[in-house]
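The residues making up each chain are set out below.
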Amino acid sequence: MAKNRTGETARKERAAKDHGDATNPGRRVGLWLVGARGAISTCVVYGLAGLQQGLHGSVGVVTEQEPFDSLPLANWSQWVLGGHDVCVRDFGSSAAELVRSGILSPELVAAATGQAAAYESRLRAGILDGPDVGLSDLNPESARRGGLSPRDQIAALRSDLEQFKQANELDRVIVVNVSSTEAARSPQPEWESLQAFEQALDDERPQPPSCLYAYAAFESGAGLVNFTPNVGASLPALRELAQKRGLPHCGNDGKTGETLIKTVLAPLFKSRALRVLSWQGYNILGNRDGQALADPIRREAKVRNKDEALRSILDDDRMHTHVGIDYVPSLGDWKTAWDFVHFEGFLGARMNLQFTWQGSDSALAAPLILDLARLVDFAAERGEAGVMEHTAAFFKSPLAGGTHDFHAQQDRLLAYANRFLGRGEGR
Ligand SMILES: NC(=O)c1ccc[n+]([C@@H]2O[C@H](COP(=O)([O-])OP(=O)(O)OC[C@H]3O[C@@H](n4cnc5c(N)ncnc54)[C@H](O)[C@@H]3O)[C@@H](O)[C@H]2O)c1
């Protein structure tokens with residue numbers, strides 16, 4: 001690809017990279033994190049501060065490599081962070097947890113003290129799924145907001161977003177949902193159209209918080225990323241709203257670990273005509289997300305997303321699959337996934353593949369949040385609206401559907417960037 005470029009094109013691309021959004025370097029963009037005191041958000045805050053100060057490199061950031069680094073994406077210094085959370089846990093203690101887990105270095109935390117304090121001053125009370133869920137560190141204002149009507153909850157969220165935009169003189173805000181996994185819900189009739197959804201809001205029918213955050217984001221003109229398995233803007237009603245407001249969005253459920261590997265390996269079996277008999281996957285994790293997923297009602301959506309990817313690629317009803325997720329507190333932010341794949345080859349020979357994945361969930365997720373925020377901002381700058389189909393590679397359950405094969409998804413992302421750059425499609 002680089003070989004085909006003229007010297008002039010390469011020079012322009014280098015200039016765009018050095019200056020970030022070369023078309024408007026003075027532009028300021030807000031990244032609003034829902035779940036602002038959680039592990040991923042903490043990693044995003046310190047990671048971005050480190051990038052802004054040039055304290056570490058950008059390993060793990062997809063948009064820092066070719067061809068994305070030639071796109072006029074907002075550079076690190078253009079971003080301002082804020083967010084919603086329902087707990088009052090001191091942000092310093094969220095950072096200390098990641099220092100103990102060996103994810104954040106004490107030097108980075110010390111160097112980013114100012115940025116972390118400024119971020120914490122921009123945090124606002126989120127909305128709860130009902131008035132109280134018995135959290136020990138619950139923000140009383142979130143408990144109060146949890147008791148408001150859905151319309152009043154949306155008004156409170158919108159006011160926070162609009163105030164963030166105004167106070168920080170931002171040109172645009174991108175909302176990224178990285179809050180705890182919600183209890184799974186069965187589809188509601190009012191989710192089918194915007195009109196029915198708005199009627200349900202008027203009738204004060206309770207809705208999942210992720211949907212109210214999405215509604216508030218779109219109504220305040222913000223693009224959206226849903227990195228969680230929560231319903232969010234996957235509903236036809238909210239997709240309609242995004243289209244109506246001309247806003248880009250993507251989701252659901254970040255693909256960072258076991259599912260990422262599964263969607264790389266499963267196409268191999270398919271391509272070589274090998275028959276997968278069983279695919280057993282066990283995940284053990286120790287962070288708060290693991291604690292939330294210990295609740296079977298919350299675990300349901302996550303397990304569904306992990307299994308769906310495999311089933312869609314291998315498309316064999318005879319295959320036996322199992323996804324287990326267990327909470328092991330001592331692991332902290334580290335997750336281990338062990339997968340056993342039993343498969344059949346020529347002449348019925350039975351073989352197996354096993355892999356063990358040990359990763360820091362937050363260190364894997366944080367750079368993708370920065371990537372997705374940049375890509376949503378870029379799409380919004382270009383006037384793109386609706387589901388960002390080219391971001392499927394980032395998600396376990398991509399909103400646009402389509403293949404779960406990671407390489408095919410990545411090719412789509414590359415084609416999107418290359419089209420903009422006027423290069424040939426694909427790799
Ligand atoms: N880390 C990964 O690799 C990965 C991959 C895919 C999806 N996810 C999803 O990302 C989310 C965040 O993960 P994490 O490890 O940072 O979790 P975490 O538990 O550390 O953080 C979640 C934060 O959300 C807050 N919260 C809960 N309900 C809220 C609400 N209604 N409004 C606002 N804030 C709320 C919590 O108080 C907490 O501070 C989870 O849903 C997880 O399933 C993570």
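Residues numbered from 1 in each chain as written. Predicted model: local features only at pLDDT ≥ 70, side-chain atom pairs only at ≥ 80, totals over all residues. Heavy atoms only, no water.

Chemist: How should the overall build of the chain be read in this particular structure?
Modeler: When helices and strands are tallied, the chain shows 15 helices and 11 strands. Against the 2.2 N^0.38 benchmark of 22 Å for 427 residues, the chain shows a C-alpha radius of gyration of 21 Å, consistent with a compact globule. When the backbone C-alpha atoms are referred to their principal axes, the chain occupies close to 70 × 60 × 50 Å. A buried classification covers 54% of the 427 residues belonging to the chain. Across the chain, the fraction of contacts at a sequence separation of at least 24, relative to all contacts at a separation of at least 6, is 77%. Total accessible area on the chain is roughly 17900 Å²; 51% of this is exposed by carbon and sulfur atoms. The averaged location of the 53 negative side-chain charges in the chain is 4 Å from the averaged location of its 46 positive side-chain charges. (Helix = DSSP H or I, 4+ residues; strand = E, 2+ residues; numbered from the N terminus. Rg over C-alpha atoms; globule rule 2.2 N^0.38 Å. Buried < 20%, exposed > 50% of the residue type's maximum accessible area, 1.4 Å probe, protein only. Contact = heavy atoms within 4.5 Å. Areas by Shrake-Rupley, 256 points an atom, 1.4 Å probe, with all protein chains shown as cover. Lys, Arg positive; Asp, Glu negative; His and termini not counted. Charge placed at Lys NZ, Arg CZ, Asp CG, Glu CD.)

Chemist: I tried to follow the confidence of the model for the chain on my own but got confused; where do I start?
Modeler: Caution is warranted with low-pLDDT regions, since their predicted coordinates should not be read in detail. Per-residue pLDDT for the chain has a mean of 91; in total, 92% of the residues score no lower than 70. For the stretch residues 1-19, pLDDT sits under 50, and the model shows 18 contacts to residues farther than four places along the chain or on other chains. (pLDDT = per-residue confidence, 0-100.)

Chemist: I would appreciate a short explanation of the nonpolar core in the present structure.
Modeler: For soluble globular proteins, nonpolar side chains are generally found buried alongside one another. By size, the foremost hydrophobic cluster in this structure holds 56 residues, and its most contacted members are Leu-31, Tyr-46 and Trp-79. A per-element tally of this core places helix α14 (residues 361-381) first, with 11 residues. Residue contacts for Leu-31: discarding those within four places in its chain leaves Val-44, Trp-79, Val-80, Leu-81, Gly-82, Phe-164, Ile-174, Val-176, Leu-370 and Ala-373. Core analysis: the next-biggest nonpolar cluster, separate from the first, contains 33 residues, Val-80, Ala-216, Ala-233 and Ala-242 among them. (Core = buried A, V, L, I, M, F, W, Y, C linked by side-chain atoms within 4.5 Å.)

Chemist: Would you take a moment to explain the sheet that holds strand β5 (residues 223-226) for this structure?
Modeler: Paired through backbone hydrogen bonds, the strands of a sheet run either parallel or antiparallel to each other. Taken in spatial order, the seven strands line up as β3-β2-β1-β4-β5-β6-β11 in an open sheet, and their pairing is parallel. Among the strands making up the open sheet, the edge pair consists of β3 (123-125) and β11 (386-387). Relative to strand β6 (residues 248-251), β5 runs parallel, the two being bridged by three bridges. Bridge assignment links Val-225 to a residue of β6, and that residue is Cys-250. Seen against the sheet, α14 touches β1 (29-34), β2 (79-85), β4 (172-177), β5 and β6 and runs at an angle of roughly 140° to β4. (Pairing = 2+ DSSP bridges. Axes fitted to C-alpha atoms, helices over the stretch in contact; angles between N-to-C directions.)

Chemist: What exactly am I supposed to notice about the environment of Arg-239 here?
Modeler: Among the structural elements, Arg-239 can be located in helix α10 (residues 236-245). Under the relative-accessibility criterion, Arg-239 is labelled partly exposed at 27%. Taking the C-alpha atoms as reference, Arg-239 lies 40 Å from Phe-343; in sequence the two are 104 residues apart. Once residues lying within four places of it in the same chain are set aside, the contact partners of Arg-239 are Ala-233, Ser-234, His-249, Val-387 and Leu-399.

Chemist: Looking at this structure, how should I read the packing of aromatic side chains?
Modeler: Aromatic ring pairs: the centre-centre distance and the angle between the two ring planes describe each pair. Enumeration according to the criterion identifies 10 aromatic pairs in this entry. A centroid spacing of 6.2 Å and a plane angle of 85° characterise the contact between Phe-378 and Tyr-416, whose relative ring orientation is edge-to-face. Of the two residues, Phe-378 sits in helix α14 while Tyr-416 sits in helix α15 (residues 406-420), which places them 38 residues apart along the sequence. For the pair Phe-378 and Tyr-416, a shared accessibility class is recorded, and that class is buried. Between the aromatic rings of Phe-378 and Phe-420, the centroid separation amounts to 5.0 Å while the plane-to-plane angle is 80°, which identifies the pairing as edge-to-face. Of this pair, Phe-378 sits in helix α14 while Phe-420 sits in helix α15; the two residues are 42 residues apart in sequence, bridging distant segments of the chain. (Phe/Tyr/Trp six-rings, centres within 6.5 Å; stacked < 30°, edge-to-face > 60°.)

Chemist: I tried to follow the domain arrangement of the chain on my own but got confused; where do I start?
Modeler: Size of an interface: often given as the accessible area lost when the parts come together. Parsing the chain into structural domains produces domain 1 (2-254 + 363-420) and domain 2 (258-360). When each unit is reduced to the centre of its C-alpha atoms, the spacing between domain 1 and domain 2 is 26 Å. The interface is formed by 23 residues belonging to domain 1 together with 26 residues belonging to domain 2. When the area that domain 1 buries against domain 2 is broken down by residue, the three leading residues are Thr-181, Lys-396 and His-404, summing to 29%. The tally of links between domain 1 and domain 2 comes to zero salt bridges. Scanning the region where domain 1 abuts domain 2 turns up five residue pairs in polar contact (both at pLDDT 80 or more). (Domains from an automatic or database assignment. Buried area = accessible area lost by both parts, 1.4 Å probe. Salt bridge = Lys/Arg side-chain N within 4 Å of Asp/Glu carboxyl O. Polar contact = N/O pair within 3.5 Å; in protein donor to acceptor, adjacent residues only side chain to side chain.)

Chemist: What is the right way to read the site of the ligand from this model?
Modeler: Around the ligand, 30 residues are found, and the nearest of them are Ala-39, Asp-85, Ser-179, Tyr-213 and Thr-256. In the environment of the ligand, an oxygen atom lies 2.9 Å from a nitrogen or oxygen atom belonging to the side chain of Arg-89. Within the contact set of the ligand, a nitrogen atom lies 3.3 Å away from a backbone nitrogen or oxygen of Asp-361. Relative to its unbound accessible surface of 850 Å², the ligand loses 95% to contact with the protein. (Near = heavy atom within 4 Å.)

Chemist: What's the story with unusual backbone geometry in this structure? I'm lost.
Modeler: Here the bond from Glu-66 into Pro-67 is cis, since omega is -5°, no more than 30 degrees from zero. You can see Pro-67 is positioned in the loop between α2 (39-52) and β2. Cis geometry is adopted by the peptide bond preceding Asn-252, which originates at Gly-251 and carries an omega value of -10°. Although it is not a glycine, Asp-315 sits at a positive phi angle of roughly 45°. Checked against the element boundaries, Asp-315 lands in the loop between α13 (296-314) and β8 (320-327). Given the relative accessible area of 58%, Asp-315 is considered exposed. The phi dihedral of Leu-347 is positive, around 65°, even though this residue is not glycine. Turning to its location among the elements, Leu-347 is positioned in the loop between β9 (334-344) and β10 (350-360). Owing to a relative accessible area of 79%, Leu-347 belongs among the exposed residues under this scheme.

Chemist: I keep staring at the packing of helix α7 (residues 150-167) against helix α8 (residues 194-202) and nothing clicks. Help me out?
Modeler: Two packed helices can be described by the angle between their axes and the distance between those axes. The interhelical angle for the contact between α7 and α8, taken along N-to-C directions, is 100°, at an axis separation of 7 Å. In terms of orientation, α7 and α8 fall into the roughly perpendicular class. Between α7 and α8, the contacting residues are Pro-150, Arg-151 and Ile-154 on the first element and Glu-198, Leu-201 and Asp-202 on the second. A breakdown of the residues in the contact of α7 with α8 according to their chemical character gives three nonpolar, no polar and three charged. (Parallel < 35°, antiparallel > 145°, perpendicular 65-115°, else oblique. Nonpolar A, V, L, I, M, F, W, Y, C, P; charged D, E, K, R; others polar.)

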